[in-house]
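Each chain is listed here by its residues.
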Amino acid sequence: MNKFKSHFKFNKHERSGIFFFLLIIVILQGVYFYIKTTPVNKLSEVTVGSKVQSRLDSLRRLTFKKDTIKMFPFNPNYITDYKGYILGMSTAELDRLFAYREKEKFVNSTQDFQRVTLVSDSLLKTISPYFKFPEWVQKNKKGITSSDSEDTSSKAKPIRVDLNLATADELKKIYGIGDKLSARIVKFRDRLGGFMVNDQLKDVYGLESDVIGRILEKFQVLSKPKIELININTASVSELTELIYFNYNMAEKIVAYRDRKEPLKSLNELADITGFTPQKIDRIGLYLLMTNDEF
């Protein structure tokens with residue numbers, strides 16, 4: 001029993017150590033509760049992704065440094081991610097513009113820009129004064145005609161390049177034509193052996209009428225290509241399919257119809273075959289001949 005009580009006997013130094021140890025614990029507890037109950041005037045730090053942070057930074061710059069940013073006129077068709085953020089456009093609005101441009105289409109007015117991007121009226125009012133569209137667009141808006149401008153009677157007619165000799169790089173100089181469309185025009189022309197008439201540009205997939213109009217201002221079919229015409233009364237199915245306007249099914253229909261009717265006397269007889277419209281007959285007639293040609 002005496003041994004058991006001896007564990008609770010402390011000398012003077014031990015009692016002092018225990019006292020200071022307890023004192024330190026009390027002090028630390030007091031500091032902890034003080035910090036916990038005292039409000040801290042400090043903004044909490046939130047970790048965000050790099051794209052969101054970039055967006056926040058751009059908005060902060062627009063808010064606090066709006067008067068110090070110097071804006072220059074620009075073509076809204078070529079807005080980049082960074083430029084869009086600076087202007088205050090959202091990611092969704094930029095994505096709509098990029099998707100529209102990937103189709104090789106262009107916005108040619110402030111109204112077009114809002115229709116494609118769906119930006120708010122307030123943002124459009126802020127950034128639209130800096131839009132700079134091509135010169136020909138501005139002329140169309142103002143309704144400028146040849147009579148409104150200087151007398152052109154003494155000026156030489158515009159020099160046009162043969163459409164059958166135009167390169168992809170030359171075609172890309174036309175507003176609205178990029179790498180894909182220029183390559184597509186050249187490929188289509190080469191598969192035909194050459195354009196016979198200007199109107200064949202309408203047969204190139206993806207070319208809109210306004211773009212065709214701008215092409216024909218610079219390029220025209222000045223010389224018809226020297227190609228070997230296909231005799232529709234003697235050509236086989238495979239020979240007919242060499243012409244880009246025919247697919248295998250249509251070529252088979254022609255041969256079957258020809259065999260029933262004996263030699264065709266006019267291309268207009270093809271109108272009896274499903275799928276052959278007058279427009280299509282006129283087009284393929286540029287590359288066909290008949291032994292008994294009456295058209």
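Conventions we followed
- Residues numbered from 1 in each chain as written.
- Predicted model: local features only at pLDDT ≥ 70, side-chain atom pairs only at ≥ 80, totals over all residues.
- Heavy atoms only, no water.
- Helix = DSSP H or I, 4+ residues; strand = E, 2+ residues; numbered from the N terminus.
- Expected span 1.5 Å × (residues − 1).
- Buried < 20%, exposed > 50% of the residue type's maximum accessible area, 1.4 Å probe, protein only.
- Arc of directions from axis to C-beta.
- Contact = heavy atoms within 4.5 Å.
- Polar contact = N/O pair within 3.5 Å; in protein donor to acceptor, adjacent residues only side chain to side chain.
- Phe/Tyr/Trp six-rings, centres within 6.5 Å; stacked < 30°, edge-to-face > 60°.
- Core = buried A, V, L, I, M, F, W, Y, C linked by side-chain atoms within 4.5 Å.

## Quick look at helix H13 (residues 248–261)
Taking 1.5 Å per residue as the helical rise, H13 with its 14 residues ought to reach 20 Å, and the 20 Å between its terminal C-alpha atoms agrees with that figure. Looking only at H13, the buried set comprises Met250, Ala251, Ile254, Val255, Tyr257 and Arg258. The buried side chains of H13 occupy one side of the element, clustering within an arc of 165 degrees when seen end-on. Opposite the buried face of H13, at more than 90 degrees from it, the exposed residues are Tyr248, Asp259 and Arg260. Elements that come into contact with the buried residues of H13 comprise helix H12 (237–240) and helix H14 (278–284). By the N-cap criterion, in which a side-chain oxygen at the helix start approaches the backbone nitrogen of a residue two or three places on, H13 is capped by Asn247, the distance to Asn249 being 3.2 Å. Looking one or two places after H13, you find Glu262, whose phi comes out positive at around 65 degrees.

## Some details on the packing of aromatic side chains
Under the definition given, this model contains ten aromatic pairs. For the pair Tyr32 and Phe33, a centre-to-centre distance of 5.3 Å together with 70 degrees between the ring planes defines the contact as edge-to-face. A relative accessible area of 46% means that Tyr32 is categorised as partly exposed. The exposure class assigned to Phe33 is partly exposed, which follows from its relative accessible area of 47%. Ring centres of Tyr245 and Tyr287 lie 6.3 Å apart, and the angle between their planes is 45 degrees; on these two criteria the pair is classed as tilted. With Tyr245 in the loop between H12 and H13 and Tyr287 in the loop between H14 and strand E4 (288–289), this pair connects stretches of sequence that are 42 residues apart. The same class applies to Tyr245 and to Tyr287, which are both buried.

## What to know about the nonpolar core
Judged by nonpolar contacts, the single largest core of 43 residues is most densely connected at Ile185, Leu207, Ile215, Leu243, Phe246, Leu270 and Phe276. For this core, the secondary structure elements donating two or more residues are helix H10 (179–192), helix H11 (209–218), H12, H13 and H14. With 17 residues, the next largest nonpolar core counts Tyr85, Val116, Ile127 and Phe131 among its residues.

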